[in-house]
Amino acid sequence: VRRSHGKINRRGVMNEIQRGITLISRGFNTMAGSAVVIMMLLTCTDVLLRLFRRPVPGVYEIVGFLGTVVIAFSLAYTSLEKGHIAVEILVEKLPPWMRVGIDAAVSLIGAVLFALITWQSVAYAADLKQSGEISVTLTMPIYPFIYGIAVGSALLCLVLLMETLRGAIRIMRT
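Only a predicted model underlies this, so the values are computations on that prediction, with no experimental measurement involved.

> What should I look at first to understand the overall build of the protein in this one?
In terms of regular secondary structure, the protein is built from 4 helices and 2 strands. For 174 residues, the compact-globule estimate of 2.2 N^0.38 gives 16 Å, and the C-alpha radius of gyration of the protein, at 21 Å, exceeds that figure by more than 25%. With respect to the three principal axes, the spread of C-alpha positions in the protein is 70 × 40 × 30 Å. Expressed as a percentage of the 174 residues in the protein, the buried residues total 30%. Counting only carbon and sulfur atoms, one obtains 68% of the accessible surface of the protein, whose full area is about 11,900 Å². Side chains of the protein give 17 positive and 10 negative charges; the mean places of these two sets differ by 12 Å.

Here it is as structure tokens:
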């Protein structure tokens, strides 16, 4: 972050924050991709071993837990890449400043929603940890995966807040 005449360059700060969020999101997306590969390998191994009447115990539970990793950890990067479904049939006919405003408002609403999901996931994980809740077959604790949902949701919340801020800045400049 560069200082010019004793002032902090705000654009530089925003770019650094954006870069950090992007790097973390990529890392989480890589973990999500790895979880998909592990799910595929486990499922294929289980199917093959079932032919010899030797199924892998707990595959259903592991695949379910890894599914939470895949979904939660891929949300932020997918949002950065504009990979979520968007219906633009009406919005595309509006002037550019209105589109930016609508995008910023939608990002803010999404950020609030995912902040609530983060908060509730942390509370739920804490309850599960305190109660000692475990999976049926493998007797694995469940709460770490719920914390994973909270982390993925919090990261998406940061992405959406950054998009909201960028949209607001673009509107003020026009």
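> Is there a simple way to explain a nonpolar patch on the surface in this structure?
Taken together, the side chains of Leu108, Val112, Leu116, Trp119, Leu158 and Leu161 define a hydrophobic patch exposed on the protein surface, amounting to about 570 Å² of accessible area. Only helix H3 (96–131) and helix H4 (143–173) provide two or more residues apiece to the nonpolar patch. No other element matches H3, which puts 4 residues into the nonpolar patch. On the secondary structure map, Trp119 appears in helix H3.

> Before we go on, may I ask you to explain helix H2 (residues 59–80) in this structure?
Structural remark: α-helix, 3.6 residues per turn; residues separated by three or four positions point the same way. With 22 residues, H2 should cover 32 Å at 1.5 Å per step; its first-to-last C-alpha distance of 32 Å lies within 8% of that length. Roughly 40 degrees is the biggest bend found in H2, and it falls at Ser74. Of the residues trailing H2, Lys82 is marked for its positive phi of about 55 degrees.

> Whenever I open this one, the packing of H3 against H4 confuses me. Can you help?
The axes of two packed helices give the description: the angle between them and the distance between them. Between H3 and H4, whose axes approach to 7 Å, the crossing angle comes to 160 degrees. With respect to each other, H3 and H4 are oriented roughly antiparallel. In this structure, H3 meets H4 at a crossing whose hand is left-handed. When grouped by side-chain class, the residues that make up the contact of H3 with H4 number 25 nonpolar, 8 polar and 3 charged.

> For this particular structure, what's the right way to read the packing of aromatic side chains?
Each aromatic ring pair is specified by the distance between its two centres and by the angle formed by the two planes. Here the structure, examined in full by the defined rule, presents 3 aromatic pairs. Taken together, a centroid distance of 4.6 Å and an interplanar angle of 65 degrees make the contact between Phe28 and Phe73 edge-to-face. Highlighted residues: Phe28 in helix H1 (residues 10–50) and Phe73 in helix H2, separated in sequence by 45 residues. The two residues Phe28 and Phe73 agree in class, both being buried. Both rings, one in Tyr143 and one in Tyr147, keep their centres 6.1 Å apart while their planes meet at 90 degrees; by these two values the pair is edge-to-face. One end of the pair, Tyr143, and the other, Tyr147, are both in helix H4, 4 residues apart, so they sit about a helical turn from each other. Judged by its relative accessible area of 30%, Tyr147 is partly exposed.

> Would you mind going over unusual backbone geometry with me for this structure?
Residues other than glycine predominantly adopt negative phi, and peptide bonds predominantly adopt the trans conformation. One non-glycine residue with positive phi stands out, namely Arg53, at about 60 degrees. Mapped onto the secondary structure, Arg53 falls in the loop between H1 and H2. The exposure class of Arg53 is exposed, given its relative accessible area of 74%. A positive phi angle is found at Thr139, which is not glycine, with a value near 50 degrees. Inspection of the secondary structure assignment puts Thr139 in the loop between H3 and H4.

Parameters and conventions
- Throughout this document, residue positions are counted from 1 along each chain, in the order its sequence is written.
- For a predicted model such as this one, the threshold for reporting local features is a pLDDT of at least 70, and the threshold for listing and counting side-chain atom pairs is 80 or more; totals across whole chains, interfaces and linings nevertheless cover every residue.
- Note that water and hydrogens are dropped before the side-chain values are worked out from all heavy atoms of the structure.
- Helix numbering and strand numbering both begin at the N terminus, where a helix is a DSSP run of H or I of at least 4 residues and a strand a DSSP run of E of at least 2.
- The quantity called the radius of gyration is restricted to C-alpha atoms. Its globule counterpart is 2.2 Å times the number of residues to the power 0.38.
- For each residue, the accessible area found with a 1.4 Å probe, counting protein chains only, is set against the maximum for its type, and the residue is called buried under 20%, exposed over 50%, and partly exposed in between.
- What sets the accessible areas is the Shrake-Rupley method with a 1.4 Å probe; for residues, cover comes only from the shown protein chains.
- We count Lys and Arg on the positive side and Asp and Glu on the negative side, and we leave His and both chain ends out.
- The atoms used to mark charge sites are NZ of Lys, CZ of Arg, CG of Asp and CD of Glu.
- Patch membership is restricted to residues that have no salt bridge and whose relative accessible area is over 30%. Joining uses 9 Å for like charges and 5 Å for the nonpolar side chains Val, Leu, Ile, Met, Phe, Trp and Tyr.
- Definition used for salt bridges: Asp or Glu carboxyl oxygen within 4 Å of a side-chain nitrogen of Lys or Arg.
- By this rule the span expected of a helix is its residue count minus one, scaled by 1.5 Å.
- Consider a residue and the seven residues that end there alongside the seven that start there; fitting an axis to each set, the bend is the angle between those axes.
- To get an axis, fit a line to the C-alpha atoms, keeping to the stretch in contact for a helix; angles then go from 0 to 180 degrees between the N-to-C directions.
- To sort the angles, those under 35 degrees are grouped as roughly parallel, those over 145 as roughly antiparallel, those from 65 to 115 as roughly perpendicular, and the leftovers as oblique.
- Two helices crossing with the near one rotated counterclockwise from the far one by less than a right angle form a left-handed crossing, whereas a clockwise rotation gives a right-handed crossing.
- Residues are grouped as follows: Ala, Val, Leu, Ile, Met, Phe, Trp, Tyr, Cys and Pro are nonpolar; Asp, Glu, Lys and Arg are charged; all remaining types, including Gly, are polar.
- Classification of ring pairs rests on two measures: the distance between centres of Phe, Tyr or Trp rings, Trp counted by its six-membered ring, which must be within 6.5 Å, and the angle between planes, read as stacked under 30 degrees, edge-to-face over 60 and tilted in between.

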